[in-house]
Amino acid sequence: MTSASVPAAAAARRPAGRGYGFVAGLVAVAAIGSALPLLVGSALFLTLMTQAAINAILATGVGFLVRQNGSVSFGHAAFFGIAAYVVALTLKHAVMPAELAAIIAILLPTVLAFALGLVIVRIVGVAFSMLTLAVAQALYELLLKWRELANGDDGMAIAFPARVFGVDMATFQQPHSMFLICWLILMAVILGLWLLARSRFGTLTLAIRENEERARFIGYTTVVPRALIYAVSAAVAALGGLLFVLYNGFVSPGTLHWSLSGEALIMAIIGGPRLVWGPALGAVIFFFIKNAAGDFTDHWPAVIGTVLILVTVLMPRGVGGMLVRLAGRVGGRRSS
Amino acid sequence: MIAPGWAIEGVGLTRRFGGFAALDGVSIAVPPGEIRGLIGPNGAGKSTLMDVLSGRAQSWSGTVRLGGVDISRLTAVERRRAGLARSFQRTNIFPDLGIGEQIRLAAATAERDNSEEVMAELGLAALADRRAADVSYGDQRRLDLALALVGRPRVLLLDEPAAGLSMSESLTLAGILRDLAGRWGVTVLLVEHDMDVIFSICSRVTVLHLGKILADGTPDEIRRVPEVVTAYLGSTVE
Ligand SMILES: Nc1ncnc2c1ncn2[C@@H]1O[C@H](COP(=O)(O)OP(=O)(O)OP(=O)(O)O)[C@@H](O)[C@H]1O
Ligand SMILES: [Mg+2]
């Protein structure tokens, strides 16, 4: 519609340094992460980091929805879990090759989210969050209770072929290599969402988030753009779910449980959802706290909760937002 | 151009809130290129009329035509895309977006992007990279106007664009408005409490009172209608 007519000058008029700085920073973080398996021998540490990277992808999806739509999803684990179950069920019944299953594992939740989004993005605030929670919990119950379909609470082990996408399955299931894959995919997701956020579509959705009524009075329908953002954030969550099954070779209803949705949201808030990369940072912080606190107490959720409270009170824009402010102060520019 | 019809026309417009008719069978028609003033005391129904014409009102009856075409069933989005734009009595902008960013976004739904021109004319060019929330109230009022004016709509509904501005700011804004409307051939329906603004730029004035049209005429005629003087102008006119 209008995106094709974006004048090149509009992009060029933005402060140029910031864009290059972001990409350079992202490349640097990607490189540092990639070096990690070489520097750190500990399989335990890399296991932790792989889980963190997979959850970071889920959190990035949750955070992007907050950033662009201003909506808080309590049910994004549903898309993560659907992706995982699509792979498990299609491979169990051998209805299609694993590669196709992987693609459908992402497409199906995306399409479902778009359709659901057309209805629920009109609902604002806590009611939206509750609806996402209700939908996700309904799916969770379905997979839990319908034992013939998905083996209920026992979960399903997935019989992958020896190679998927031409890659040896072992590559996906060993932390050394899988961490690298997940980390690079996380970086690609962040880059993609960052580009989307800077596009005219990104600006439009921010405008709708800011002032839905005025967006209509400057000539934009507001439901479809928000449903599209919801679908994109679901696609990102589904990608996380796909990596999860590739890595674990196993899926249980827990992948759809509200506690996973809640953790992803907590990660996003800790890191700062106003930044595309904030939730990923939050995920890494979350896993380190969980691991460190888990060493000496079973009550690690209480520690996370305390951190969450401290962050929301002391850093309303999250740890990422605070880092950006510090960097701005050190750089001595961008006072506004 | 010999105007064969009306740029914007409302026929028998009624809008009720419970038993109370905020608009009671109002008919109004503005020919192309005119700047029409719409005045009336607080609660007269001026904003309600703007809402009905622009597609903001939920339930109402009557007919709205834009350039002779019935747009009664169009949504606000469709009306804007058909060339009917509006500003708001209470500043209605995108606080967290850049000023240039939001004006360009508004321009993108029009056939021609004249955002640079609008920013220059309204004195917003120097503020293009600033966040809307960070600029002065006067700048925000002009941004609200810019969001309506960009893309050269055929008809512009302005609900107190100068509300809260100083006397000199109001008159400057009125001058810019008259200039742009004339140059671009935009038809304007202007709600304004400041009679200096109204009488300086409007060729005709419609007076609304308790949801009905009380009078309609040139500024000079309006000044002489006794009910207008008592109902609205009061002691400000000798
Ligand atoms: N949403 C609403 N619910 C109930 N009554 C309303 C609503 N909106 C407006 N009204 C009433 O309708 C009448 C007309 O209001 P409107 O805002 O159109 O007046 P106005 O002429 O624009 O006044 P002002 O000069 O104060 O802006 C008022 O009596 C107002 O109280
Ligand atoms: Mg009003």
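In case you missed it, the structure is sitting above this.
Thresholds applied
- Residues numbered from 1 in each chain as written.
- Chains lettered and ligands numbered in written order.
- Predicted model: local features only at pLDDT ≥ 70, side-chain atom pairs only at ≥ 80, totals over all residues.
- Heavy atoms only, no water.
- Phe/Tyr/Trp six-rings, centres within 6.5 Å; stacked < 30°, edge-to-face > 60°.
- Helix = DSSP H or I, 4+ residues; strand = E, 2+ residues; numbered from the N terminus.
- Buried < 20%, exposed > 50% of the residue type's maximum accessible area, 1.4 Å probe, protein only.
- Contact = heavy atoms within 4.5 Å.
- Buried area = accessible area lost by both parts, 1.4 Å probe.
- Salt bridge = Lys/Arg side-chain N within 4 Å of Asp/Glu carboxyl O.
- Polar contact = N/O pair within 3.5 Å; in protein donor to acceptor, adjacent residues only side chain to side chain.
- Nonpolar A, V, L, I, M, F, W, Y, C, P; charged D, E, K, R; others polar.
- Near = heavy atom within 4 Å.
- Areas by Shrake-Rupley, 256 points an atom, 1.4 Å probe, with all protein chains shown as cover.
- Donors = N, O, S within 2.8 Å, 3.2 Å for Na, K, Ca; no water.
- Pairing = 2+ DSSP bridges.
- Axes fitted to C-alpha atoms, helices over the stretch in contact; angles between N-to-C directions.

A. Seen up close, the packing of aromatic side chains. Residues and elements named next belong to chain A. A full pass over the atoms with the stated rule returns 9 aromatic pairs over all chains. Geometrically, the ring pair formed by Phe-79 and Tyr-230 is edge-to-face, given 5.8 Å between the ring centres and 85 degrees between the ring planes. Placement of Phe-79 in helix α4 (residues 77-92) and of Tyr-230 in helix α12 (residues 223-248) is noted, with a sequence separation of 151 residues between them. For the pair Phe-79 and Tyr-230, one class covers both residues: buried. Centroid distance Phe-286 to Trp-300: 6.2 Å. Interplanar angle 85 degrees. Geometry classified as edge-to-face. Note that Phe-286 is positioned in helix α14 (residues 278-296) and Trp-300 in helix α15 (residues 300-314), a separation of 14 residues in sequence. Residue classification places Phe-286 among the buried positions, given a relative accessible area of 1%.

B. Seen up close, the interface of chain A and chain B. Contact residues are listed per partner, giving 24 residues for chain A and 27 residues for chain B. Across the interface of chain A and chain B, roughly 2,300 Å² is buried in total on both sides, 56% from carbon and sulfur atoms. At the junction of chain A with chain B, the criterion picks out 4 salt bridges. For the salt bridge of Arg-56 of chain B with Glu-213 of chain A, the shortest nitrogen-to-oxygen distance reads 2.7 Å. Taken together, chain A and chain B are joined by 14 residue pairs in polar contact (both at pLDDT 80 or more). Residue assignment for the side of chain A that touches chain B shows that the elements contributing at least two residues are α10 (200-210) and α11 (212-217) of chain A. If one sorts the elements of the side of chain A that touches chain B by residue count, α10 of chain A sits on top with 7 residues. Per-class residue counts for the side of chain A that touches chain B are 10 nonpolar, 5 polar and 9 charged.

C. Quick look at the site of ligand 1. All names here are of chain B. Around ligand 1 lies a shell of 14 residues, among which Asn-42, Lys-46, Ser-47, Thr-48 and Gln-89 are the nearest. Note that an oxygen atom of ligand 1 is positioned 2.8 Å from one of the side-chain N or O atoms of Asn-42. Thr-48 is positioned with one of its side-chain polar atoms (N or O) 2.5 Å from an oxygen atom of ligand 1. Contact with the protein chains covers 61% of the free accessible surface of ligand 1, which is 640 Å². Those elements that place two or more of their residues in the shell around ligand 1 are β2 (20-30) and α1 (46-54). Top contributing element to the shell around ligand 1 by residue count: α1, with 3 residues.

D. Fine view of the coordination of the magnesium ion (ligand 2). Residue and element names in this part refer to chain B. Only Ser-47 (OG) and Gln-89 (OE1) from the protein reach the magnesium ion (ligand 2) as donors, at distances of 1.9 to 2.1 Å. In this pair, Ser-47 is assigned in helix α1 and Gln-89 in the loop between β6 (84-86) and α3 (99-107), connecting sequence segments 42 residues apart. Residue Gln-89 is classed as partly exposed on the basis of its relative accessible area, which comes to 35%.

E. Spotlight on the sheet that holds strand β3 (residues 35-39) of chain B. Residues and elements named next belong to chain B. Within the open sheet, the 6 strands sit side by side as β6-β7-β8-β3-β9-β10. Their pairing is mixed. Each edge of the open sheet carries a strand with a single partner, namely β6 and β10 (212-217). Sheet twist, expressed as the mean angle between neighbouring strand axes with direction ignored, is 20 degrees. Alignment of β3 against strand β8 (residues 187-191), held across 4 bridges, turns out to be parallel. Among the inter-strand pairings, Gly-37 is bridged to a residue of β8, identified as Leu-190. Packed onto the sheet, helix α5 (residues 137-149) meets β6 and β7 (155-159) and runs at close to 155 degrees relative to β7.

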